Amino acid sequence: MLVSLATSISVCRALVSSTTMALAALLPVTSKEGSTRATKTAILAKIRAVADSLPDGSRIYLGIDDDDTVLLPINLEELEQATHPHGVTRRIFASTNPSNIIGIVNELCMLAFADGMDFFALLGDDVSLQLGWFDTVSRNFQEIERSTGQPGFGCVALDDVSFPGFPTFLIVGRSHVEIFGGWAPRAFINQGADPWIFEVYRRFNSARFCDARVHNGIGGDEHNEPRYVKHTIQWKDGILTNAVASVRTAKPFLKETVTLDVLVPSFRADLDILQRICELDVPSECSTQVVIIIDDPARKDARRLLEEKYGHRVRVRVNDGNLGASASRNRALDESAAEWVLFLDDDVHPDNLILHTYVDAIRSQGDYVSGFIGPTQMPPPANVYCAWIELVWLLYFWSKHVRSRKNDEVPWGVTAQLCTKRIEVRFDLRFPKTGGGEDIDYCLRVKRVTKKPLLGIESKCVHPWWDRGYPRNNRFYGWAEGDSMLIPMYPEHAYLSFPNAIESMAITCLASVAWMCGNSTACTETPVRCAVICFGILLCDAVFDVFNIFFEDNVSHFRGTRRLLAGIIGSVWYKNLGAELGHFYAPIRRLQFQVLHRFDWWCGKDKSKVVETRLRELKRFVAFAGLALLVAIS
């Protein structure tokens, strides 16, 4: 396909001249195995439609399989009539399985390059292009030239209405062929080359989506199959890195930009919050796309509404079923090819300038770290339910530990707000779908692969209280169930301690059962004593908690008796009968013995925390044992 590009070149800001540039339309045509192709007349009509959309001076380069029973019988004269007035070059290629589309495109591209063509567009005989589309493409290349000083550099992607937010039909200039010796490396077969090209130029702020619309009749998104068997390769790491290095070598004066995608798994599909995330202010010299994975197949309407409103700024995918947050984040990672990713939950309220904070951190320290963690702040507790959670430090790692270690290494961060390099690490699907432990595991493996730390930074992000300010106890139980999986996974971060309240209650119950088995006369009063001891242990633990936090000015604004009540109930209900019960019971259910084992939340970065935990639990266990002895002998 040949298209004419009218560009304006400014000389000393005074002299402007227009030059017609030749565009080659590359049309590889291949058949899907076992399928019935359209008739000769229909195929010629499709080629005619493509030709009619091309600007003056264009030329079509057509690649055909040697076993194509429809296109092969069409003679060159018929093809020239269908492509008039642009002209056509036809080449026949040996059929392969899988179909080597990119190999065909590479040869067509080099033919066009030898013919002196200036721009190259990969299309198909099943696409529909709006008239005047190349005027928009031309304006985008002019914009790239103004920003880079490199004529014909970069790529422009057409707006594929069948696959919004994904670069499928690209136009590149001669400099691309000069750098890469064709359209794409030979490692590509028939998938991935277009997004690879887009991501290469995205690193230099030279990739653009344009408003010119194209509709792909066959192929497109995940629900619209092409007529050939797909063959995908992993290109987002080594192949992409090498390509960026090739551009850097060929164009050493180009300035690179930060590519930072925002990844949002969403079951709620709350459009107000998702729109706020989509509208975050993007810093200059930063390329950002918001990737939203909707984890509820019933909310396909949300995809349509977001795509209609934000266009290329957002890429929305809908899972076929409820797969959970980790699987959705993995899909978002697979969709993204940015160098950095920022995870946000679908119920947070980030500050509009949050991307500026992360981009500044990436520019200043990105070479030395694997990621950044900002504090995710809860609003001031509006009722005692929220105060309960805050007073017993269940949200410590959401905010306080990050603020206390600003610009210093932090062991991990919650995925409500977490920025890391996009590498091959994915979230482990063994953790609960509702969350718990997977964020710690992900952070530890990212640090292990990169051999670089995570840093705390100061950003603004608010997470509303769950369940409209009345959080359920089972939320914290579920988190603990996942957290308990970390001990066998990371034995280097596990240690032994003294029995906590839940474990002391379990020991009391076992001792009571053993006593009753050996002394039948004690069967009536022993259960009562056991219940009294267990209740006393919970109350005693709460007294310790209240004593520790009662005079903490930076924890909760509740005071007096309300603070006392919130501390006691929070300790009993959320900490012990929620989190600690989950830590205790979940391993038993998995047939794992983890009693008295603790996970080092600081992951070896602060040994004093382990000592503090052991000392705190020793003091409490002595109190528990004294209470049990007192009740037993009374």
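The model shown is predicted, which means the values in this text are computed figures rather than measured ones.

1. Things to note about the overall build of the chain
Reasoning step 1: Within the chain, the secondary structure is distributed over 20 helices and 23 strands.
Reasoning step 2: Judged by the C-alpha coordinates and their principal axes, the chain covers about 110 × 60 × 40 Å.
Reasoning step 3: With 634 residues in all, the chain has 56% of them scored as buried.
Reasoning step 4: By sequence separation, contacts in the chain at least 24 residues apart represent 80% of the contacts at least 6 residues apart.
Reasoning step 5: Total accessible area computed for the chain in this model is approximately 27,600 Å², and 57% of it derives from carbon and sulfur atoms.
Reasoning step 6: The average position of the 69 basic charges and that of the 74 acidic charges among the side chains of the chain differ by 4 Å.

2. Focus on the side chain of Arg203
Reasoning step 1: The topology assignment puts Arg203 in the loop between helix 6 (193–202) and strand 10 (207–216).
Reasoning step 2: With a relative accessible area of 7%, Arg203 lands in the buried category.
Reasoning step 3: Of the polar contacts made by the side chain of Arg203, one reaches the backbone oxygen of Ala337; its length is 2.9 Å.
Reasoning step 4: Aside from chain neighbours lying at most four places away, what touches Arg203 is Leu240, Val244, Glu256, Thr257, Thr259, Ala337, Ala338 and Glu339.

3. Let's talk about the nonpolar core
Reasoning step 1: The biggest cluster of nonpolar side chains holds 84 residues, and the ones touching the most others in it are Leu260, Ile292 and Phe372.
Reasoning step 2: Sort the elements by how many residues they give to this core and helix 11 (residues 354–365) lands first, with 6 residues.
Reasoning step 3: When near neighbours in sequence (up to four residues on either side) are disregarded, Phe372 contacts Trp340, Tyr358, Ala361, Ile362, Gln365, Gly366, Leu418, Cys419, Leu454, Leu455 and Ile457.
Reasoning step 4: Within the second largest apolar cluster, 44 residues are counted, among which are Phe113, Met117, Phe209 and Leu240.

4. A closer look at the packing of helix 6 against helix 7 (residues 238–250)
Reasoning step 1: Put simply, helix 6 and helix 7 touch, their axes get as near as 9 Å, and they point 50° apart. By the angle between their axes, helix 6 is oblique relative to helix 7. Crossing of helix 6 against helix 7: the hand is right-handed. Only Ile239, Leu240, Ala243, Val244 and Val247 of helix 7 make contact with helix 6, whose side of the interface consists of Trp196, Glu199 and Val200.
Reasoning step 2: Across the contact of helix 6 with helix 7, the residue classes break down as 7 nonpolar, no polar and 1 charged.

5. A look at the pattern of salt bridges
Reasoning step 1: According to the stated counting rule, one finds 32 salt bridges in the structure shown.
Reasoning step 2: For Arg268, the salt bridge goes to Asp347, with nearest N and O atoms at 3.3 Å. Note that Arg268 is positioned in the loop between strand 11 (258–266) and helix 8 (271–278) and Asp347 in the loop between strand 15 (340–344) and strand 16 (349–350), a separation of 79 residues in sequence.
Reasoning step 3: The exposure class assigned to Arg268 is partly exposed, which follows from its relative accessible area of 44%.
Reasoning step 4: Between Glu409 and Lys605 there is a salt bridge, with its nearest N and O atoms 3.2 Å apart. Of this pair, Glu409 sits in strand 18 (residues 409–410) while Lys605 sits in the loop between strand 23 (597–599) and helix 20 (607–633); the two residues are 196 residues apart in sequence, bridging distant segments of the chain.

6. Looking at the packing of helix 1 (residues 40–52) against helix 2 (residues 76–83)
Reasoning step 1: As a packed pair, helix 1 and helix 2 sit with axes 8 Å apart at the nearest point and diverge in direction by 40°. Judged by the inter-axis angle, helix 1 sits oblique to helix 2. Contacts between helix 1 and helix 2 involve Lys40, Leu44, Ile47, Arg48 and Ala51 from the former and Glu78, Leu79, Gln81, Ala82 and Thr83 from the latter.
Reasoning step 2: Looking at the contact of helix 1 with helix 2 residue by residue, the class counts come to 5 nonpolar, 2 polar and 3 charged.

7. Side note on unusual backbone geometry
Reasoning step 1: Here His84 and Pro85 are connected by a cis peptide whose omega angle stands at 10°.
Reasoning step 2: You can see Pro85 is positioned in the loop between helix 2 and strand 5 (88–93).
Reasoning step 3: In this model, Asn97 is joined to Pro98 through a cis peptide bond whose omega is 5°.
Reasoning step 4: Looking at the secondary structure, you find Pro98 in the loop between strand 5 and helix 3 (101–114).

Criteria and thresholds
- Residues numbered from 1 in each chain as written.
- Predicted model: local features only at pLDDT ≥ 70, side-chain atom pairs only at ≥ 80, totals over all residues.
- Heavy atoms only, no water.
- Helix = DSSP H or I, 4+ residues; strand = E, 2+ residues; numbered from the N terminus.
- Buried < 20%, exposed > 50% of the residue type's maximum accessible area, 1.4 Å probe, protein only.
- Contact = heavy atoms within 4.5 Å.
- Areas by Shrake-Rupley, 256 points an atom, 1.4 Å probe, with all protein chains shown as cover.
- Lys, Arg positive; Asp, Glu negative; His and termini not counted.
- Charge placed at Lys NZ, Arg CZ, Asp CG, Glu CD.
- Polar contact = N/O pair within 3.5 Å; in protein donor to acceptor, adjacent residues only side chain to side chain.
- Core = buried A, V, L, I, M, F, W, Y, C linked by side-chain atoms within 4.5 Å.
- Axes fitted to C-alpha atoms, helices over the stretch in contact; angles between N-to-C directions.
- Parallel < 35°, antiparallel > 145°, perpendicular 65-115°, else oblique.
- Left-handed = near helix turned anticlockwise from the far one by under 90°.
- Nonpolar A, V, L, I, M, F, W, Y, C, P; charged D, E, K, R; others polar.
- Salt bridge = Lys/Arg side-chain N within 4 Å of Asp/Glu carboxyl O.

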